[in-house]
Each structure stands twice: as C-alpha cells, then as structure tokens.
Amino acid sequence: MKVILHNKNVVLEIAEDIVFAKPGAEDGGLQECPKEEATHIWNRELNTACMNNGDFTVVEVEEVPEDVEPVKYKYEDGKFVENEEYVPYISPEERIEALEDMVNMLLLGGNA
C-alpha cells in the first residue's frame, strides 16, 4: 500500500496504484516515469494527481489500519498517528442548523 503525505507528514491519499508521472501520454494525460523525471504524483485508482514539487512524499507501508483517514492522520516514525491540527468538515447546512438552534435557545430561554 502506498501513501501520499503532504507537509508535516499529513496523509493525503492512500492507494495501491500510486506512481510518479509526467505529461506525455497519447491522450494528453499523464504517463508513468522514473521519480527523477516526474512532475506529478499520480493516484491511478482515483485518477488524481499532485505536483511533484517537494511538498509531497510517497511512502510504502505494509498495512493501513481501518480507522486511518486522509487529513485526519499523519504518518510519523513508521506509524499512523492522529493529526492534532485536524478540524472535521462541517457542511454549511450543519452550521446553519447549529446556529438556528442556538438562536432559538436564546430567544426561548433555553427551551428550544
């Protein structure tokens, strides 16, 4: 299994099929190449790519625990650890609902 890490070793993507690549495929897309020639790191499973500009690292690991999620975890000293800077995503709808609940509690004296 391969893992793409971003700055501070934050897990960005996890996949089996991550390769170094550069533009030049017949269809105008990326093609696999040696690391030294690569302009991109390409996750072929998700068909996503990031620039190979030094901000990203690819590591190969034996196993990824089930609870490891991109951004929520980091990979340090050979193990996955929780990212202390992780902030869970809260959708705009959920934020509005929480604000409405707070306003109702204030207006109704805590009996929302």
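What counts as what
Residues numbered from 1 in each chain as written. Predicted model: local features only at pLDDT ≥ 70, side-chain atom pairs only at ≥ 80, totals over all residues. Heavy atoms only, no water. Helix = DSSP H or I, 4+ residues; strand = E, 2+ residues; numbered from the N terminus. Rg over C-alpha atoms; globule rule 2.2 N^0.38 Å. Buried < 20%, exposed > 50% of the residue type's maximum accessible area, 1.4 Å probe, protein only. Contact = heavy atoms within 4.5 Å. Areas by Shrake-Rupley, 256 points an atom, 1.4 Å probe, with all protein chains shown as cover. Lys, Arg positive; Asp, Glu negative; His and termini not counted. Charge placed at Lys NZ, Arg CZ, Asp CG, Glu CD.

> Before we move on, can you summarise the overall build of the protein chain with the specific residues and values?
Looking only at helices and strands, one finds one helix and nine strands in the protein chain. Starting at the N terminus and ending at the C terminus, the protein chain contains elements arranged as β-β-β-β-β-β-β-β-β-α. Taking 13 Å as the expected radius of gyration for a compact globule of 112 residues, we find that the protein chain reaches 20 Å, considerably beyond that expectation. Here the protein chain holds 112 residues, and the buried ones make up 27% of them. Sequence separation of 24 or more characterises 38% of the internal contacts of the protein chain that already satisfy a separation of 6 or more. Accessible area of the protein chain: about 8,000 Å², with a carbon and sulfur share of 50%. Of the charged side chains in the protein chain, 9 are positive and 26 negative; the average position of the first set lies 6 Å away from that of the second.

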